[in-house]
Each structure stands twice: as structure tokens, then as C-alpha cells.
Amino acid sequence: MTKTESGQPESTAKTVDPPADSEIRVLNPATGEVVGSVPDTTAEQVVAAIAELREHQRAWQAIGADERKEWLLELQDWIIDNTEVLADVLQSETGKPRVDSLIDPIFGSDLIGYYARRAAKFLADEHPAPHSPLARVKRLTTVFEPYPVVGVITPWNFPLAMPLLDVIPALAAGAAVILKPSEVTPLSALELARGWAEIGAPPVLSVVTGAGATGAAVVEHADYIQFTGSTATGRRIAAACATRMVPYSLELGGKDPAIVLADADLDRAAHGIAFGGMFNSGQVCISVERVYVEAPVYDEFVAKLTANVKALRQGRDDRTPRNDVGAMANESQVGIVARHIDEAVAAGAKVLTGGKRTGVGTFFEPTVLVDVDHSMSCISEETFGPTLPVMKVADEAEAIRLANDSVYGLSATVWTGDKARGERVARALNAGAVNINDVFANLFNFALPMGGWGDSGVGARWGGPNGVRKYCRAKAITAPMLPTQERELTWMPYDLNKILIGLGAMRAAGARGMRRIDIGALLRLKGDNR
Ligand code: NAD
């Protein structure tokens with residue numbers, strides 16, 4: 001590790017210095033206070049940062065997964081040792097309750113442990129078995145080579161965890177990473193850059209702060225784009241990547257349904273769905289955003305859910321955890337929530353609890369809505385806020401039909417006392433993940449893929465080996481297993497008889513029944529040469 005004269009480790013993660021007049025102010029949404037300002041990085045600076053990353057990536061790839069593991073585990077130590085400070089920074093730019101602010105660093109550490117330790121195994125060369133006896137003359141190898149520079153673009157809802165979820169597997173794969181965090185919450189990402197620098201790791205992580213234009217520059221110049229954010233921005237990024245012919249993975253919005261069946265443990269369902277809808281003020285991509293309840297238990301469930309939501313403590317925390325629900329990220333999010341509720345109420349919906357802003361800052365009361373239907377924006381559009389619209393359904397089939405009536409397909413939950421029924425409903429839902437009798441469980445299982453269907457995304461993060469292999473180009477290598485001849489049977493100039501022997505052998509290996517050995521059919525291929 002290099003140290004400066006003051007004894008501090010020299011910075012190796014890059015943050016780009018912009019002209020002084022181009023800065024972005026960061027606000028604490030719980031108070032409206034300015035808590036920092038960051039550079040609005042220009043496209044030219046992004047290009048320069050990527051060029052520098054390319055230089056250092058080669059060595060990063062060359063040291064191999066085992067040495068990269070050591071750096072990643074150093075980072076994990078640093079995050080664990082700095083958890084409180086990281087939570088302070090995160091809380092200052094999000095207005096989250098203290099408990100929620102502690103989640104990002106610890107969740108991120110868990111992920112680092114998983115991919116740091118397993119990357120070598122996941123990236124090891126593979127020697128697949130040949131598909132046919134004829135192919136046994138070759139030794140087959142699949143090699144995983146990282147994209148040189150991966151661009152990671154993240155939203156504001158988990159300002160440290162979101163970057164870590166994708167930066168870590170990309171670094172573990174041997175890529176260099178340019179990270180463009182949300183302009184709403186860039187401070188936590190800069191802390192990550194500080195950590196990478198303080199451990200003295202190779203300069204293969206660069207954080208560029210800025211808004212959409214900075215993100216667009218990353219999309220224009222990186223070799224792979226990993227994007228998390230809204231579906232609208234995801235579409236723009238997909239189009240830009242298609243033009244450049246670079247691969248991308250998009251983790252987008254959702255409108256996750258919860259299905260409560262009549263045989264469910266209603267107490268658990270009502271607690272789980274209250275948590276799933278209100279955690280982080282509903283600003284989680286896999287928040288529960290709509291609830292379908294079988295008629296026989298509808299009244300009882302709604303009463304329990306409403307009581308649970310009403311009991312949540314909302315307010316501004318300092319370092320002492322007191323509240324369950326904090327502020328929303330910004331005014332524009334509050335505006336969406338208010339619009340969805342107002343439109344629903346105007347169309348006949350009822351608010352059972354919550355329904356309005358509270359206090360100073362961007363606090364919005366946890367809200368339960370009933371008498372809603374699919375014509376309302378609160379059911380059809382992503383709200384990304386603390387609302388739980390609940391609908392009564394006749395039976396399981398209607399619940400599945402309504403749950404699938406969405407352009408999104410990120411995740412879903414099913415609540416039932418019958419395991420087989422839970423599995424059956426889970427398989428019938430159009431979603432990238434279904435949690436039975438739980439919420440968010442898939443998010444804590446890196447061995448599973450996390451990806452959305454439909455407008456919720458393209459590709460997936462994690463999924464065990466795929467989590468690092470997605471940042472690699474697969475290369476196929478063949479090598480002869482037997483001594484080679486002057487020329488192969490099938491090479492030019494063609495010898496029809498030899499070719500027919502080759503084709504006949506291929507057909508015998510791949511076809512079925514008598515077609516494998518139909519010599520007559522083979523001879524007919526000789527055409528006029530018969
Ligand atoms: P957003 O799309 O507005 O912004 C996301 C990021 O993209 C930001 O860093 C932004 O600066 C950048 N950006 C904006 N325009 C760009 C462009 N043209 N080119 C490149 N980058 C650009 O999303 P948001 O409001 O920050 O986040 C909320 C959304 O994120 C919600 O829809 C939510 O569902 C989604 N989300 C999805 C997941 C998931 O894993 N599926 C996780 C969290 C959030």
C-alpha cells in the first residue's frame with residue numbers, strides 16, 4: 001500500500017476534478033439541508049477516466065482471481081470497520097432511519113465475501129464434454145475473459161449497496177469499473193472510492209459523479225453497461241448500447257404483487273406485506289406495490305395490515321435508531337405518491353390509514369388503500385413509495401390473472417399455508433423472482449439470479465457463477481487430441497467419397513432410427529456422379 005507524507009494511504013480510486021462552477025448539490029431530504037456538493041463530470045472527463053482504467057485493467061486481469069480476492073476482502077474489512085461512518089453519510093443524503101442506513105454496508109460486505117471467495121472457481125476454464133463421439137478428437141476449452149471496462153450506473157434508493165451489488169462482481173471478474181452513482185445520492189459512492197483508495201488497491205475503480213449526461217458518456221465509452229434505474233432510462237441505454245453493439249444488463253422498475261390466499265398465516269402475511277411495502281418508504285425495486293387477497297380472508301387481512309401499517313414509527317433519526325420509516329428521496333417521488341393516491345381517491349378508492357405528507361422534509365405517511373382497481377395509476381404504474389393498494393379477489397386464478405396483468409415482472413410474493421399451492425402459484429406468475437411466505441428473500445441469495453421480466457429488465461445480476469461470467473466474454477478454444485494428418489477428410493480440394501464418409505458419420509452420430517444408417521440416401525447425395 002502506498003502512503004502519503006501524512007501517513008494516509010495514497011488515493012488510487014479516481015474521482016475526477018471538474019471546473020469549479022459545475023457542481024451538484026446534495027440535500028438531506030429529511031431536512032432540506034445541503035450536505036455536500038460533487039463534481040458534475042463532463043463527457044471529456046469520462047473519456048479520460050475510461051482511458052486510464054483501460055491501462056490498469058490489464059494488470060488487474062493478469063493478477064488472477066486469487067489475488068483480486070485479497071483486495072476485495074481488504075475492502076470488506078474497510079467497510080466493516082467504517083460501518084458507522086458509512087451509515088452517517090448514507091443517512092445524510094437519504095433521510096433514512098438509522099437501521100436502514102446500516103443495511104447497505106453490511107449487505108455489501110456479505111456480497112463481497114461471496115464473490116471474492118468464489119470468483120476463482122466461477123472463472124476457471126471449463127472443458128465441456130464433446131456433444132458427439134466424432135468431436136472427441138478435440139480438447140474443448142471455454143475461457144472467460146473480462147470486458148476491459150464495465151460501466152455501472154446506479155439509482156438513489158440504496159446509495160452504497162446498489163453500487164456494491166454490481167461493482168464487486170465486475171471487479172472480481174477482472175474488469176475495471178467506472179461507476180456513475182445517482183446525482184441524488186453520490187456521497188456514499190464517493191465513500192466507496194475512498195475505501196478502495198485507502199486500502200491501496202490498484203486504480204481500477206473510478207467514480208464519476210454527475211447526472212444523466214455523465215451517465216450517457218459512460219454508456220458511450222464503456223465496454224459493458226450494467227444499469228439499475230427506471231424503465232424509461234433503461235430503454236435509452238439499451239438503444240445506445242445497440243448502436244455501439246456493446247452488451248448490457250438492465251435492472252429496472254417493478255410493480256410487485258402480493259397474493260394472500262385464504263389458507264395463509266394472516267398475521268405473518270400482514271406483517272410481511274407491511275414490511276415489504278413500507279421498507280425504505282416503499283422505495284425498493286422489489287417493494288410490494290399491490291396486494292390481492294382471497295375473498296374469505298379479505299376483511300380480516302385488511303384489518304391486520306392496516307393496524308400494522310398504522311403502528312409504524314415515522315420520523316427523522318440521528319445515530320440512535322428510533323423510527324421504522326424515514327423520508328422519501330426527493331420532492332418528485334413525493335409528487336408521484338400524492339398523485340397516485342389523489343387519482344385513486346377521485347375514482348372511488350378509500351384511504352384506511354396515511355394518505356398525506358407529514359412534518360417538514362419529504363415524509364409521506366405509510367398508506368393503505370382499498371376499493372382500488374386496475375384502471376387506477378396506484379395499481380398500474382410503479383409508485384416507488386409507501387402505499388399498499390389492496391384488492392379483493394374471488395380465488396387463486398383471479399389473483400394470478402390480476403398479478404400478471406402488468407407490463408412489469410420484477411418479483412412477487414405468495415402467502416399460503418400449503419407448500420404445493422405456493423409452488424404452483426409461484427410458477428404461474430410472470431416475474432423474475434417469487435418469494436413464498438416472505439418478502440425480499442431472493443435479494444439475500446446471491447446464488448440466485450436477480451432479474452426482471454418484461455419492462456422490469458434485461459439480463460440479471462448474480463446467479464452464482466453467472467454473476468461474474470456476465471462481465472466476461474466467453475472464448476472457445478479447440479485443440480487436436482490425436483496426431484494430425486496433412487489434411488482432414490473434409491478439406492479442399494473435395495473428394496466426394498471421403499466427404500460422404502464424413503457426412504455419413506455425422507448423420508449416424510446425430511440422427512435417430514434407420515436414418516442413421518440409410519446408405520442409399522447417402523449415395524443419392526452424390527447426384528449425377530452416381
Ligand atoms: P433513473 O433512471 O432516473 O436514474 C438512474 C441512473 O441513471 C442515475 O444515476 C441517473 O443519473 C442515470 N441516468 C439518467 N439518464 C441517463 C442516460 N440517458 N444515460 C445514462 N444514465 C442516465 O432512476 P432513479 O430515479 O434514480 O431510480 C429509481 C428507479 O430505479 C425505479 O424505477 C426503481 O424501480 C429502479 N430500481 C431498480 C432496481 C432493480 O434491481 N431492478 C433496483 C433499484 C431501483
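Residue numbering note: each chain is counted from 1, following its sequence as written. In keeping with the predicted nature of the model, local features appear solely for residues at pLDDT of at least 70, side-chain atom pairs appear and are counted solely at 80 or more, and the whole-chain, interface and lining totals rest on all residues. Values shown for side chains rest on all heavy atoms present in the structure; no hydrogens or waters enter the calculation.

**Observations concerning helix H16 (residues 496-510)**
Phase 1: Under the DSSP-based scheme used, a helix requires at least four consecutive residues in state H or I and a strand at least two consecutive residues in state E, with every element numbered from the N terminus. Helix span is expected to be 1.5 Å times the residue number reduced by one. Its 15 residues give H16 an end-to-end C-alpha distance of 21 Å, which sits within 8% of 21 Å, the value for a rise of 1.5 Å per residue.
Phase 2: Those residues of H16 that sit buried are Ile-499, Leu-500, Gly-502 and Gly-504. Only protein chains enter the accessibility calculation, which uses a 1.4 Å probe; a residue is then buried when its area is under 20% of its type maximum, exposed when over 50%, and partly exposed in between.

**Quick word on unusual backbone geometry**
Phase 1: In this structure, the amide linkage connecting Met-492 to the following residue, Pro-493, adopts the cis form with an omega of -5°.
Phase 2: Summarising the element assignment, Pro-493 is placed in the loop between strand E22 (472-480) and H16.
Phase 3: One non-glycine residue, Met-245, adopts positive backbone phi at about 60°.
Phase 4: Residue placement: Met-245 occurs in the loop between helix H8 (231-244) and strand E9 (248-251).
Phase 5: If you check the backbone angles, Phe-384 has positive phi at about 60° while not being a glycine.
Phase 6: Position of Phe-384 among the secondary structure elements: in the loop between helix H12 (377-380) and strand E14 (387-393).
Phase 7: Looking at Phe-384, the relative accessible area reads 12%, which means it is buried.

**Quick word on the site of the ligand**
Phase 1: The nearness test applies per residue and asks whether one of its heavy atoms lies within 4 Å of the molecule or strand. The full set close to the ligand counts 30 residues, and Lys-180, Glu-183, Ser-230, Leu-252 and Glu-382 are the nearest of them.
Phase 2: For this analysis, a polar contact is any N or O atom pair within 3.5 Å, provided that within protein one partner can donate a hydrogen and the other can accept it, and provided that sequence-adjacent residues contribute only side-chain to side-chain pairs. Contacts to the ligand include Glu-183, whose side-chain N or O atom sits 2.7 Å from an oxygen atom.
Phase 3: Between the ligand and the protein, one listed contact pairs a nitrogen atom with a backbone N or O atom of Leu-252 at 2.7 Å.
Phase 4: Residue exposure ignores everything except the shown protein chains as possible cover, and the areas themselves are Shrake-Rupley values with a 1.4 Å probe. Coverage of the ligand by the protein amounts to 89% of the 860 Å² it exposes when considered alone.
Phase 5: Cavity means a closed set of points on a 1 Å grid over the protein atoms alone, one where a 1.4 Å probe fits but cannot get out, pocket means an open set with protein on both sides within 12 Å along at least 5 of 7 lines, and lining means a residue has an atom within 4 Å of a point. In this scheme, a molecule is assigned to a cavity or pocket if more than half of its atoms are within 2 Å of the grid points. Judged by the proximity of its atoms to the pocket grid, the ligand belongs to the largest pocket.

**Section: the nonpolar core**
Phase 1: What is meant by a nonpolar core is a set of buried Ala, Val, Leu, Ile, Met, Phe, Trp, Tyr and Cys residues, joined one to another through side-chain atoms within 4.5 Å. Ranked by size, the top nonpolar core spans 107 residues in total, and within it Ile-178, Trp-196, Val-260, Ile-273, Val-291, Phe-301 and Val-390 carry the most contacts.
Phase 2: With 10 residues, the single largest contributor to this core is helix H5 (residues 161-173).
Phase 3: Each domain span listed reflects an automatic or database assignment of domains. Looking at this core, you find at least three residues from each of domain 1 (38-252 + 465-474) and domain 2 (256-444).
Phase 4: Dropping the residues within four chain positions of it, Ile-273 is found in contact with Ala-258, Val-260, Val-288, Val-291, Phe-301, Leu-305, Leu-388 and Trp-415. Any two residues having at least one pair of non-hydrogen atoms within 4.5 Å are treated as being in contact.

**Topic: the confidence of the model for the protein chain**
Phase 1: With 95% of its residues at a pLDDT of 70 or more, the protein chain has an overall mean of 95.
Phase 2: Note on scores: pLDDT gives the predictor's confidence for each residue, bounded by 0 and 100. With pLDDT under 50 throughout, residues 1-14 is counted as low confidence; its partners more than four residues away or in other chains account for 30 contacts.

**Details of the environment of Ala-240**
Phase 1: Structurally, the position occupied by Ala-240 is in helix H8.
Phase 2: Apart from residues lying up to four places away in sequence, Ala-240 is in contact with Val-219 and Glu-220.

**Considering the sheet that holds strand E11 (residues 288-294)**
In any sheet, the strands associate via hydrogen bonds between backbone groups, in a parallel or an antiparallel arrangement.
Phase 1: Pairing within the open sheet is mixed, and its seven strands lie in the order E12-E13-E14-E11-E10-E16-E17. Of all strands in the sheet, those with a lone pairing partner are strand E12 (350-353) and strand E17 (433-436), marking the two edges. Looking at each pair of strands side by side, their axes are set apart by 25° on average, direction ignored.
Phase 2: Only when DSSP finds a minimum of two bridges between them are two strands counted as paired. With three bridges joining them, strand E10 (residues 256-260) and strand E16 (residues 411-415) adopt parallel strand pairing. The residue of E16 that forms the bridge with Val-260 is Trp-415.
Phase 3: Set on the sheet, helix H10 (residues 298-310) makes contact with E10, E11, E12, strand E13 (367-370) and E14; between it and E14 the angle comes to about 175°.
Phase 4: Contacting E10, E11, E16 and E17, helix H14 (residues 419-428) crosses the sheet at an angle of about 160° to E17. Structural elements are reduced to axes, namely lines fitted to C-alpha atoms, with helices fitted over the stretch in contact, and the angle between N-to-C directions of any two is expressed from 0 to 180 degrees.

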